[in-house]
Amino acid sequence: MDGHPEALIDLGAIKQNVAALRRHVSGAQLMAVVKADGYGHGLIPTATAAVGGGADWLGVVQIGDALALRQAGLTVPVLCLLGAPDAAHEEAIAAGVDLSAGSVPLISQIAAAAQRAGRPARLHLKADTGMSRGGATAADWPALVAAALAAEAAGHVQVTGIWSHLACADIPGHASIAVQLAAFRDAVELAERAGARPQLRHLANTPATLTLPETWFDLVRPGGAVVGLSTLPGELPGWLRPAMTLRARLIQVKQVPPGTGVSYGFRHVTTGRATLGLVPLGYAEGVPRNASGAAEVQVRGRRWTISGTVCMNQFVVDFGDYAVSAGDEVVLFGPGDSGEPTAQQWADALGTLSYEIVTRFAGRVPRSYSEVTEPQELAASPGASA
Ligand SMILES: *Cc1c(COP(=O)(O)O)cnc(C)c1O
């Protein structure tokens, strides 16, 4: 029904978020992380808007995403954050995509791929400074640096960056932040003493970009903040704006008597005569099943709680004696400035992060975009980075 249900993506908000983040970090460069289909906002439109807003770099997890950015005509530097064995390293190197490595065997694979590609691989060495996810631990770091420098001396790689990731940047004052920061400084110093000349040292995700200037170094890597979200407790800074609005229309409205059980299991029962409205979105489209009786939606300017069990492709709202009609718009979440719920409020109601809410709808609900820029127009646009 005329574009509903849909995820409406405000690309102007993405541009402005990136421009504001860049001002916030003054001298540092900005890599817009657009993994997971641009946090569910669409890889190419999100990346293009971010570059239009001044992003110097793009960050992805899969090499396939990096190649898709190149194919779309995006020419800014791209880093593939997850170094995986047996990935399409040769194609990535040929497309000028920067790779990450946190183990010696991976450096050997990338060096071999660079020889096949006929050009050196641009490599960011990943230090595990305490998160215990990817990267080389302090014990393994000297061997990683030595392998990278040997491959550099042989002309197979160029060490362009050294980086790490923070485990608890969104827990203000967490003791691990200072510990990881010191470990990162040690890792950089050891690599530089060994002869590495990385242009970029980077550590900061969204919460660190927003609150920890000492983690900014040469480049920050926000993802959530690009689309107007954060994992920090409390309010977003006023200069960030959520870019996704998820909306549908009531496809059926009917009157039922008091005491009517609603949806599977009758987890909701009407208290008086009630108007029920049917919303054509369910857990197959990304609405969490445990949003039943918990998350709110906005209809006719008021907030309503989802009534009873979220089904596979639909849920019901009990509007009591309030008048609504089939065709009325239902906003599940949006930027919040018209009183609609936000993805953060959905996350708070469901005990998760806003990131998990917005990524759930990717590939399951059609998207529409406002303020579209094509990659080819970027060079001419005023926000494009020099
Ligand atoms: C996802 C990710 C980011 C971005 O995290 P946000 O909190 O969304 O800003 C940055 N760096 C790495 C390595 C990531 O995996």
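Analysis parameters
Throughout, residues of each chain are indexed from 1 in the direction in which the sequence is written. Local features in this predicted model are restricted to residues of pLDDT 70 or higher, and side-chain atom pairs are both shown and tallied only at a pLDDT of 80 or more, whereas totals for entire chains, interfaces and linings draw on every residue. Note: side-chain values were computed over all heavy atoms of the structure, leaving out hydrogens and water. For the purposes of this entry, the term helix denotes a DSSP run of H or I that reaches at least four residues, the term strand denotes a run of E that reaches at least two, and both are numbered from the N terminus. Note that the radius of gyration is over C-alpha atoms, with the globule rule given as 2.2 Å times the number of residues to the power 0.38. Under the scheme applied here, a residue whose accessible area is under 20% of the maximum for its type counts as buried, over 50% as exposed, and between as partly exposed, the area being computed with a 1.4 Å probe on protein chains only. Throughout, a residue-residue contact means that at least one pair of heavy atoms, one from each residue, lies within 4.5 Å. Surface accessibility in these figures is a Shrake-Rupley result with a 1.4 Å probe; residues are shielded only by whichever protein chains are displayed. Positive charges are assigned to Lys and Arg, negative charges to Asp and Glu, while His and the chain termini are left out of the count. The atom standing in for a charge is NZ when the residue is Lys, CZ when it is Arg, CG when it is Asp and CD when it is Glu. Domain ranges listed in this record stem from an automatic or a database domain assignment. Think of it this way: a Phe, Tyr or Trp ring, Trp meaning its six-membered ring, pairs with another when their centres are within 6.5 Å, and the plane angle makes it stacked under 30 degrees, edge-to-face over 60, tilted otherwise. pLDDT measures the predictor's confidence residue by residue and takes values from 0 up to 100. Here a strand pair is declared whenever DSSP counts at least two bridges between the two strands. Assignment of crossover handedness uses the view with strands pointing away from the viewer, where a clockwise path from the first strand over the helix to the second indicates a right-handed crossover.

S.K.: What is the right way to read the overall build of the protein chain from this model?
M.R.: When you go through the protein chain residue by residue, the secondary structure sums to 11 helices and 19 strands. Relative to a compact globule of 386 residues, whose C-alpha radius of gyration would be 21 Å, the protein chain shows 24 Å and is just as compact. Each principal axis of the C-alpha distribution contributes one length, and for the protein chain these read about 80 × 45 × 40 Å. In the protein chain, which comprises 386 residues, the proportion classed as buried is 52%. Considering only residue pairs separated by 6 or more positions, the protein chain has 66% of its internal contacts joining residues 24 or more positions apart. For the protein chain, the computed accessible surface area is about 15700 Å², with 52% contributed by carbon and sulfur atoms. Computed over 28 positive and 33 negative side-chain charges, the separation of the two mean positions in the protein chain equals 2 Å.

S.K.: Honestly, the domain arrangement of the protein chain in this entry has me stumped. Any pointers?
M.R.: By convention, interface size is frequently given as the accessible area that disappears when the constituent parts associate. On domain assignment, one finds that the protein chain holds domain 1 (11–226) and domain 2 (244–341). Each of domain 1 and domain 2 was reduced to a C-alpha centroid, and the two centroids are 42 Å apart.

S.K.: Help me out: how do you make sense of the packing of aromatic side chains in this one?
M.R.: Two numbers describe a pair of aromatic rings. These are the distance of the centres and the angle of the planes. Summed over all chains, the structure comprises six aromatic pairs. Centre to centre, the rings of Tyr39 and Tyr355 are 5.3 Å apart; their planes meet at 75 degrees, and the pair counts as edge-to-face. Residue Tyr39 is located in helix H2 (residues 35–39), and its partner Tyr355 is located in helix H11 (residues 354–359); the two are separated by 316 residues in the primary sequence. Both residues of the pair, Tyr39 and Tyr355, belong to the buried class. Among the aromatic side chains, those forming a connected cluster through ring pairs are Trp304, Phe319 and Tyr322.

S.K.: Mind showing me how you'd approach the confidence of the model for the protein chain here?
M.R.: The predicted coordinates ought not to be read in detail in places where the model reports low pLDDT. Looking at the protein chain as a whole, the pLDDT averages 96, with 97% of positions reaching at least 70. Every residue in residues 382–386 scores below 50 in pLDDT, and together they form 12 contacts with partners more than four places removed in sequence or on other chains.

S.K.: Looking at this structure, I do not really get the pairing of strand E6 (residues 121–126). What am I missing?
M.R.: Sheet faces and side chains relate simply in a regular strand, where the side chains alternate between the two faces. With five of six residues buried, E6 is to be regarded as a mostly interior element. In the sheet, strand E5 (residues 98–101) pairs with E6 via three bridges, with the strands oriented parallel. Each residue of the ladder has a partner; that of Leu99, found in E6, is Leu123. Remark: the E5/helix H6 (residues 104–117)/E6 crossover connection has right-handed handedness.

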